[in-house]
Structure formats: C-alpha cells, structure tokens
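Close look at the chain arrangement
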Amino acid sequence: MNTVPLHRHPGLPAFLAARTASSFSACVQAVAVGWQIYALTHSTTALALVGLAQFLPMAGLLLPAGHAADHFNRRLIVVTCQCIEALSALFMAIGAFGGWTTPWMIYAMVMVFGAARAFEMPCQQTFLPALVPAHVFPRAAAVSSSLFQAAAVTGPSVGGLLYGAGAGACYLVCALGFACACMGTLRIRLTYVPRPRVPLSLATFVEVMDFMRARPDMLGAISLDLFAVLLGGATAMLPVFASDILHAGPVGLGLLRAAPAIGAVVCSIVLVWRPLNRHAGARMFLAVAVFGVATVVFALSRSMAVSIAALAVLGAADVVSVVVRGALVQLRTPDSMRGRVSAVNMLFIGSSNQLGEFESGMVASMIGPVGSVALGGIGTLAITIAWIRMFPGLWRLDRLDDITPE
C-alpha cells in the first residue's frame with residue numbers, strides 16, 4: 001500500500017488550491033449578485049431570473065462540454081474558462097465602481113459565468129483520477145470535498161462582509177480568486193494525449209447512456225443521489241423555517257444555511273483519515289437513510305439547536321454518497337469517456353437540486369412546509385429501500401480502491 005502523503009502527489013496540491021479558489025470566488029460572487037440585483041430592482045422575480053440565467057446555459061451546454069472534455073485538452077479548457085470568469089468579474093467590478101451597472105448587465109454576466117462553468121466542471125472532475133492512484137482516490141476525494149464545503153461556508157460570509165464596501169469590492173476579490181485558480185490549474189501536471197476527433201452527435205451520448213446502463217452500480221449510485229436530493233429538499237424551505245417556525249431571524253437563517261456545510265466538512269475530514277475502503281455500498285445506503293431521517297427530524301423540530309444538529313448530520317451523510325458516487329463515476333469510467341460521463345452526472349445533480357427546490361415549494365404550498373419536508377424525508381427512506389432491492393450489486397460494493405475501468 002502506498003503511504004506517500006497526499007501533498008506529495010505531483011499536481012494534487014495545485015488542483016486542490018485551484019478548485020478551492022474557484023469555488024470560494026463563485027460563492028462570493030453569488031452573494032454580490034443577489035444583493036446587487038435586489039438593490040437595483042427590489043424584485044423577487046429578478047432574483048429568480050438570476051438563478052434561471054445561470055442554470056439554462058449550464059443545462060444546455062453540459063453535454064457538448066462533456067464531448068469537448070473527451071476530445072480536447074482538458075487543462076486548456078479549464079484555464080480558458082477560469083480566465084473568462086476572472087475577466088467577467090473584473091468587468092462587473094469596474095461597472096460597480098463606476099456606478100453604471102444595470103440588471104441586464106448582471107443577467108448577461110451570470111449567463112457567461114454559467115456557460116463557462118458548464119465547460120469547466122466536467123473537465124475539472126476528470127483531473128483527480130489522473131493525479132492520484134486508485135487506492136488514494138477516496139482520501140483525495142474527501143480532502144477535495146472538505147475544501148469545497150469550507151469554501152461554501154466561508155464564501156457567503158466573506159461576500160457579505162465585503163459587500164459592506166460595495167459590490168465592486170466583492171467582484172474584485174472574485175476576479176483575483178478566479179485568476180489564482182487559473183494559475184493553479186496551469187501548475188497541474190497532466191499529460192494531454194490527442195484523440196481522434198469525433199463530431200458531436202446524438203450517438204456519442206447514446207454511447208454514454210449505454211455504458212451507464214451496463215454498469216448498474218454506477219447507475220444506481222447516480223439515480224439514488226438524484227431522487228434523494230429531489231425528495232429531501234429541506235434547504236429550499238430554510239427561510240420559512242427560520243422565520244415562521246423557529247422564529248430565529250436572519251442570524252438564525254445564516255446558522256441553518258451553514259449547518260449542512262459544517263457537517264460535510266467534519267465528515268470529509270473523518271473520511272481523509274478513515275477512507276471508505278470496506279462495505280462502501282452498504283455504508284452509502286446507510287448514509288442516504290440517515291439523510292432521510294435527519295430531514296424528518298429537522299421538519300418536526302421546534303428547537304434551533306436540534307434543527308442545526310439535524311442539518312449538520314444531513315450534510316455529513318450527503319458527503320458519503322458524494323465520495324462513493326465520485327469513485328464509481330471517475331474510476332470505473334475509461335479516460336476516453338470521463339468527460340461525457342461526468343457531464344451527465346453533473347446534469348443529474350444540477351437538475352435534482354433545482355427540481356428539488358421546485359418540488360419542495362409546490363408541495364409546501366399544498367400541505368405546508370413541515371409536511372413538505374417531512375414527506376420528502378420519508379420519501380428518501382422509501383427510495384433507499386427500493387434501491388437496495390433494485391441494485392444489489394451496489395449494496396455489495398466493498399472496496400473503493402479496487403474499482404477499475406471496465
């Protein structure tokens with residue numbers, strides 16, 4: 001067994017630094033965009049349009065982006081996207097300092113950012129299995145997840161503090177962060193082997209779907225996460241719970257939003273020292289069941305402390321699913337298909353997050369927020385039981401470090 005410390009693997013520290021800087025900058029930017037668009041319009045519809053402006057290009061371009069990741073230089077694509085993100089943020093900073101920012105400028109910048117992320121993320125997802133051997137992947141994935149969650153915790157807080165100095169300060173920090181991510185990506189040691197160029201066509205994605213259907217454990221892990229997040233969308237209801245149920249106010253809402261990420265960071269750190277190298281499939285199903293139970297506990301809680309603890313457990317349980325799914329998708333897929341498979345995986349994840357918020361809101365309008373969240377948690381438990389029966393091979397999955405391309 002290789003005992004080389006993680007930071008000694010060439011390119012891995014640069015990858016982790018670049019991904020963290022990019023994620024942190026994206027979180028700061030999200031805060032700035034939200035505050036600025038509302039300050040300009042005082043419209044909740046405008047806030048909804050910001051989310052739509054980012055989601056539509058990501059959803060529409062992820063599959064072509066996956067195709068590009070399998071046929072072009074992945075590192076060059078990521079560097080180009082991070083340069084675009086840095087320049088877009090710099091442009092917005094200049095506009096904010098000059099006082100000539102308009103809502104349409106913000107929508108346009110968010111769409112450009114969404115398009116860049118659509119190409120950046122599938123390529124970036126393929127870096128980790130190319131930088132570390134398979135038996136190190138679970139630990140490296142846990143470190144990557146912990147840093148990502150740390151960025152998710154600190155980014156909004158820093159963004160809120162920076163916004164006190166104006167939106168321009170936020171955008172300027174974002175531009176610097178994306179520039180640092182670009183420099184970090186340039187330092188990653190990856191070998192680019194040109195492949196025969198294949199035209200973008202429906203057949204290339206039919207090939208991916210056939211590949212995934214032939215591997216039930218991979219399909220089961222992706223679909224389990226899809227339905228668990230779709231049904232257990234508690235985070236969409238946090239403003240309602242903070243205001244009307246827990247009576248916690250804005251500070252309480254901030255604590256509730258931070259709780260899942262804090263739980264995820266703690267779990268990721270644990271997984272660095274105790275990787276999921278035995279009974280990984282069963283532990284993943286157990287974690288998703290815990291996710292469902294924690295969702296029900298949060299729905300029924302009237303105590304701020306219990307609600308925060310339930311959300312922290314929910315975030316920690318989600319990390320286990322993320323690590324197992326990531327190992328299956330990245331290690332079981334041949335390098336020639338990793339970009340397209342990663343794109344499909346990310347499309348499922350993005351859709352489940354967006355549709356989960358929509359589903360929670362619609363059900364809450366009919367039976368109330370408590371019933372909506374509790375029903376979602378019960379649905380997650382039912383899906384877990386059904387998936388154990390439908391995907392017995394995933395339940396029997398043992399060691400993640402034994403996963404190899406098929």
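Residues numbered from 1 in each chain as written. Predicted model: local features only at pLDDT ≥ 70, side-chain atom pairs only at ≥ 80, totals over all residues. Heavy atoms only, no water.

Some points on the overall build of the chain
Broken down by element type, the chain carries 16 helices and zero strands. The buried share of the chain, taken over its 406 residues, is 51%. Within the chain, contacts between residues at least 6 apart in sequence are counted, and of these 87% link residues at least 24 apart. For the chain, the accessible surface area stands at approximately 17,500 Å², while carbon and sulfur atoms represent 71% of it. (Helix = DSSP H or I, 4+ residues; strand = E, 2+ residues; numbered from the N terminus. Buried < 20%, exposed > 50% of the residue type's maximum accessible area, 1.4 Å probe, protein only. Contact = heavy atoms within 4.5 Å. Areas by Shrake-Rupley, 256 points an atom, 1.4 Å probe, with all protein chains shown as cover.)

A short note on empty space enclosed by the protein
Over the atoms rolls a probe the size of a water molecule, and its path tells where empty space is left. Considering all chains together, one arrives at one cavity of 30 Å³ or more under this definition. Taken together, L224, D225, A228, V229, A287, V288, F291, A317, D318 and S321 form the lining of the largest cavity. When residues of the lining of the largest cavity are traced back to their parent elements, those giving at least two are α9 (216-231), α12 (280-300) and α13 (304-331). Counting residues per element, the lining of the largest cavity draws most heavily on α9, at four residues. In the lining of the largest cavity, the residues fall into seven nonpolar, one polar and two charged. (1 Å grid on protein atoms, 1.4 Å probe; cavity = no way out; pocket = protein on both sides within 12 Å on 5 of 7 lines; lining within 4 Å. Points joined across faces, edges and corners; volume = space filled by probe spheres on them. Nonpolar A, V, L, I, M, F, W, Y, C, P; charged D, E, K, R; others polar.)

Concerning a nonpolar patch on the surface
Together, L87, L90, F91, I94, F97, W100, L172 and L176 line one region of the surface with nonpolar side chains, adding up to about 810 Å² of accessible area. For the nonpolar patch, the element with the highest residue contribution is helix α3 (residues 74-98), accounting for five residues. By the secondary structure assignment, L87 is in helix α3. (Patch = residues over 30% accessible without salt bridge, like charges linked within 9 Å, V, L, I, M, F, W, Y side chains within 5 Å. Salt bridge = Lys/Arg side-chain N within 4 Å of Asp/Glu carboxyl O.)

Here's the deal with the environment of H71
Structurally, H71 is set in helix α2 (residues 44-71). Sequence separation between H71 and S336 is 265 residues; the distance between their C-alpha atoms is 8.0 Å.

Quick notes on the packing of aromatic side chains
Scanning the entire structure with this criterion turns up seven aromatic pairs. Taking the centre distance of 5.8 Å and the plane angle of 50 degrees together, the rings of F113 and F178 count as tilted. Here F178 lies in helix α7 (residues 167-186) and F113 lies in helix α4 (residues 103-125), a separation of 65 residues in the sequence. The interplanar angle of 45 degrees and the centroid separation of 6.0 Å between the aromatic rings of W387 and F391 together place this pair among those described as tilted. We note that W387, like F391, is buried. (Phe/Tyr/Trp six-rings, centres within 6.5 Å; stacked < 30°, edge-to-face > 60°.)

Observations regarding the environment of F241
With respect to the helices and strands, F241 occurs in helix α10 (residues 238-245). Given a relative accessible area of 0%, F241 falls into the buried group. On a C-alpha basis, the gap between F241 and G252 in space is 9.7 Å, while along the polypeptide they are 11 residues apart. Discounting residues that sit within four places of it in the chain, F241 has contacts with L246, H247, F298, A299, P369, V370 and V373.

Looking at the packing of helix α1 (residues 12-41) against α4
Each pair of packed helices can be described by the angle between their axes along with the distance between the axes. Contact geometry of α1 with α4 gives a least axis separation of 12 Å together with a crossing angle of 160 degrees. Classified by the angle between their axes, α1 and α4 sit roughly antiparallel to one another. Like other packed secondary-structure pairs, α1 and α4 cross with a definite hand, here left-handed. Two secondary-structure elements touch here, α1 through F15, R19, S22, A26, Q29, V33, Q36, I37, L40 and T41 and α4 through P103, I106, Y107, M109, V110, F113, R117, E120, Q124 and Q125. Among the residues forming the contact of α1 with α4, the class breakdown is 11 nonpolar, six polar and three charged. (Axes fitted to C-alpha atoms, helices over the stretch in contact; angles between N-to-C directions. Parallel < 35°, antiparallel > 145°, perpendicular 65-115°, else oblique. Left-handed = near helix turned anticlockwise from the far one by under 90°.)

Considerations on the nonpolar core
L12, F15, F298, V324, L394 and L400 are the most contacted members of the largest nonpolar core, which totals 69 residues. The greatest single-element share of this core, amounting to 12 residues, is contributed by α13. Ranked by size, the runner-up nonpolar core spans 24 residues in total, among them V33, A53, V110 and C174. (Core = buried A, V, L, I, M, F, W, Y, C linked by side-chain atoms within 4.5 Å.)

Description of unusual backbone geometry
For H279, which is not glycine, the phi dihedral falls at a positive 50 degrees. In this structure, H279 sits in the loop between α11 (249-273) and α12. Overall, H279 belongs to the partly exposed group, its relative accessible area being 46%.

Let's talk about the packing of α1 against helix α6 (residues 137-163)
Their axes nearest at 8 Å, the elements α1 and α6 cross at an angle of 30 degrees. Relative to α6, the element α1 is oriented roughly parallel. Seen along the crossing, α1 lies across α6 with a hand that is right-handed. Its residues assigned to classes, the contact of α1 with α6 shows 20 nonpolar, eight polar and one charged.

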